[in-house]
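Single-letter residue listing:
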Amino acid sequence: MAEELPPREAMEFDVVIVGGGPSGLAAAIRLKQLAPDAAVCLVEKGSEIGAHILSGAVLEPRALNELIPDWRKKGAPLETPATDDRFLYLTATRAFRLPTPPQMHNTGNYIVSLGNVCRWLGQQAEALGVEIYPGFPAAELLEDSGRIAGIATGDMGIGKDGNPTDTFQRGMELRARYTLFAEGCRGSLSKQVIRRFNLRDDHDPQTYAIGIKELWEVPAANHKPGLVEHTVGWPLDARTYGGSFLYHFGSNLISYGFVIGLDYRNPWLSPFDEMQRFKTHPEARGHFEGGRRISYGARALNEGGLQSIPRLAFPGGALIGDAAGFVNVPKIKGTHTSMKSGMLAAEAVADALAAGGTGDLSGYETRLRDSWVWQELSLVRNIRPSFAKFGLYGGLAYSALDTYVLRGKAPWTFHHPHPDNETLLDASSAQRIEYPRPDGALTFDRLSSVFISNTNHEENQPGHLHLADPKIAITLNWQRYRSPEARYCPAGVYEIVGADEGNPQLQINAQNCVHCKTCDIKDPVQNIDWVTPEGGGGPNYPGGM
Ligand SMILES: Cc1cc2nc3c(=O)[nH]c(=O)nc-3n(C[C@H](O)[C@H](O)[C@H](O)COP(=O)(O)OP(=O)(O)OC[C@H]3O[C@@H](n4cnc5c(N)ncnc54)[C@H](O)[C@@H]3O)c2cc1C
Ligand code: SF4
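In this text the structure is predicted, and so the values were computed from the model without any measurement.

Caption draft 1: Representation of the pattern of salt bridges. Taken as a whole and assessed by the stated rule, the structure comprises 31 salt bridges. Between D144 and R175 there is a salt bridge, with its nearest N and O atoms 3.1 Å apart. Taken together, the residues span a long stretch of sequence, with D144 in strand 9 (residues 138–144) and R175 in strand 13 (residues 172–181) at a distance of 31 residues. Its relative accessible area of 39% is what places D144 among the partly exposed residues. Judged by relative accessible area, R175 falls into the buried class, the value being 19%. Close ionic contact of E347 with R367 constitutes a salt bridge, the shortest N to O distance being 3.5 Å. Here E347, found in helix 7 (residues 335–354), pairs with R367, found in helix 8 (residues 362–369); they are 20 residues apart in sequence, far enough to count as distant. On the basis of relative accessibility, which here comes to 18%, the residue E347 falls in the buried class.

Caption draft 2: Quick peek at the nonpolar core. By size, the foremost hydrophobic cluster in this structure holds 80 residues, and its most contacted members are L180, F181 and Y364. Apart from the residues within four sequence positions on either side, Y364 is in contact with L312, A318, L319, I320, F326, S341, L344, A345 and A348. Counting 63 residues, the second-largest nonpolar core is a separate cluster that includes F245, F272, F288 and C516.

Caption draft 3: A look at unusual backbone geometry. The omega torsion of the bond from G56 to A57 falls at 5°, within 30 degrees of zero and hence cis. Tracing the chain through its elements places A57 in the loop between strand 2 (40–44) and strand 3 (58–59). Positioned with a positive phi, I332 is a non-glycine residue whose angle comes to about 55°. Checked against the element boundaries, I332 lands in the loop between strand 20 (317–319) and helix 7. You will see that Q526, though not glycine, has its phi angle at about 55°, which is positive.

Caption draft 4: Seen up close, the site of ligand 1. The environment of ligand 1 is formed by 37 residues, the closest being E44, S55, V58, E183 and D322. Separating a nitrogen atom of ligand 1 from a backbone N or O atom of K45 is a distance of 3.0 Å. D322 is positioned such that a nitrogen or oxygen atom in its backbone is 2.8 Å from an oxygen atom of ligand 1. Calculation on ligand 1 without its partners gives an accessible area of 1000 Å², and the protein chains cover 97% of this total. Elements that contribute at least two residues to the shell around ligand 1 include exactly helix 1 (22–34), strand 2, strand 16 (242–249), strand 18 (292–302) and helix 7. Here the residues of the shell around ligand 1 sort into 17 nonpolar, 14 polar and six charged.

Caption draft 5: Fine view of the site of ligand 2. Lining the immediate surroundings of ligand 2 are 13 residues, of which C489, C513, C516, K517 and C519 lie closest. Classifying every residue of the shell around ligand 2 gives eleven nonpolar, one polar and one charged.

Caption draft 6: Structural context of the sheet that holds strand 3. Here we have three strands laid out as an open sheet, ordered 3-7-4, and antiparallel in their pairing. Pairing within the sheet leaves two strands with one partner each, and these edge strands are strand 3 and strand 4 (80–81). Two elements, strand 4 and strand 7 (residues 110–111), share two bridges in a ladder whose sense is antiparallel. When the sheet's bridge partners are listed, T80 is paired in strand 7 with I111.

Reading the values: the criteria
Residues numbered from 1 in each chain as written. Chains lettered and ligands numbered in written order. Predicted model: local features only at pLDDT ≥ 70, side-chain atom pairs only at ≥ 80, totals over all residues. Heavy atoms only, no water. Salt bridge = Lys/Arg side-chain N within 4 Å of Asp/Glu carboxyl O. Helix = DSSP H or I, 4+ residues; strand = E, 2+ residues; numbered from the N terminus. Buried < 20%, exposed > 50% of the residue type's maximum accessible area, 1.4 Å probe, protein only. Core = buried A, V, L, I, M, F, W, Y, C linked by side-chain atoms within 4.5 Å. Contact = heavy atoms within 4.5 Å. Near = heavy atom within 4 Å. Polar contact = N/O pair within 3.5 Å; in protein donor to acceptor, adjacent residues only side chain to side chain. Areas by Shrake-Rupley, 256 points an atom, 1.4 Å probe, with all protein chains shown as cover. Nonpolar A, V, L, I, M, F, W, Y, C, P; charged D, E, K, R; others polar. Pairing = 2+ DSSP bridges.

Pasting the structure below:
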């Protein structure tokens, strides 16, 4: 039995923000602009701000212009204006240029490293007096009389057996009048808050995609700074939603990523291998040839849109950014909407603090519904679900109708009929997919990829991937679906061993986890629960990602 741990020490704040991504940092900055005396603390599970940030990223600067109008003077790292948009449909050997939909026009936007933008936002927040604690995951909700009263950070130095080791340090209670959850897509505490306060009642399920990304340095001759290219079609079939992005920026850098909707049906599909083989297409190859892969990572993103945004406020706090789900899918952008949601929540918190600090944050919901975020998401609400309903070709046709003729004002709303974990076919009735072997120059395997994500976890700690019922890994996942987690995990965390000897067992290599959250989303019966590992664990994405 694990030893009883000493009590935790507590610190008191007006506001605690969980997560140092664009939404959490924008909320912190706005709050200190409006209420300079408020005590604001932000915790981040990555080893530094930016370490866990993975995004395209083409940034629409609308929210940033509102938050820090003189960002240029203050040295914000927005250096490459987007100058050329290309949207392509691929067959196995050819590429056809399609008209670029209006949502995908990027004039006025910038190709950035979102990690670097967050590092810079972190500096702005600290200059205003926000206390930032990187390396401290929020591991537990604190609740007093039905109201969220802050969070507790995770203990450090607990061994695999659950007992303290020589490096043991008890977590801290960070108590607050208001707690803003800015954990990004599928936040582990946000998930608990949504359940605890039934925030999803009468709303569609959230739906997701996995985005896998590589950062490349390429010869100057291949580099077209400002080019923003997206593709649909090959290598995916017409029932699987997804496509690639290729953004040329900085000094000879290309941000390449592949996104696949997690409502995919074929359990043999491997998002990682689709992402690798895309680079062998004649259209794609030329971007990378002679280049060098610098970094790798993966992260889930929200795709549910307006229909899937849960109730946002609850006693003692609110959800902001991707923790709620403000990604504009046709635009492939969520940074500007996430930042704006953080700013609006901060305005509601400043009002609530001025009124005594005990009221709720329903003012945040009202502000959001009156904002450009709501208007933007409302106009595109039918586009992503139309691809689930009609497939790639029907979805493209419907999207053209919805955009050019109905102008987003259709008198109907398509819904998301089920969550992504319910879509897999049995392995026996789905077509097996054979993927080519990596060549080590253009295409790679999972382990060499994880290596360049600089992922690191203390080995002697309790596993952070909890199986509610370990038997299900074999009795259901293996027997019915042939363990799809071994394919959808982009980091090779889940491995089936012993199958050849007739004794399949699931081995979990938790130290490789890049915190993408896909297993928490896609496991067929939600048997996998992702919880925060020891502080600072996970990827260490470099500047540029
Ligand atoms: C592959 C990909 C490509 C994308 N491309 C674009 C693009 O080109 N343009 C665009 O605008 N948007 C893009 N997006 C979406 C965009 O990245 C998100 O909408 C945006 O980052 C959301 O910001 P956020 O602050 O809500 O969450 P995040 O950026 O996910 O940040 C959350 C932060 O909270 C931390 N955290 C989580 N849980 C805890 C915890 N319990 N304790 C402490 N810290 C915690 C995380 O480590 C992270 O640093 C893309 C997303 C992906 C995955
Ligand atoms: S274990 Fe889960 S969260 Fe970690 S990398 Fe694999 S799929 Fe992503």
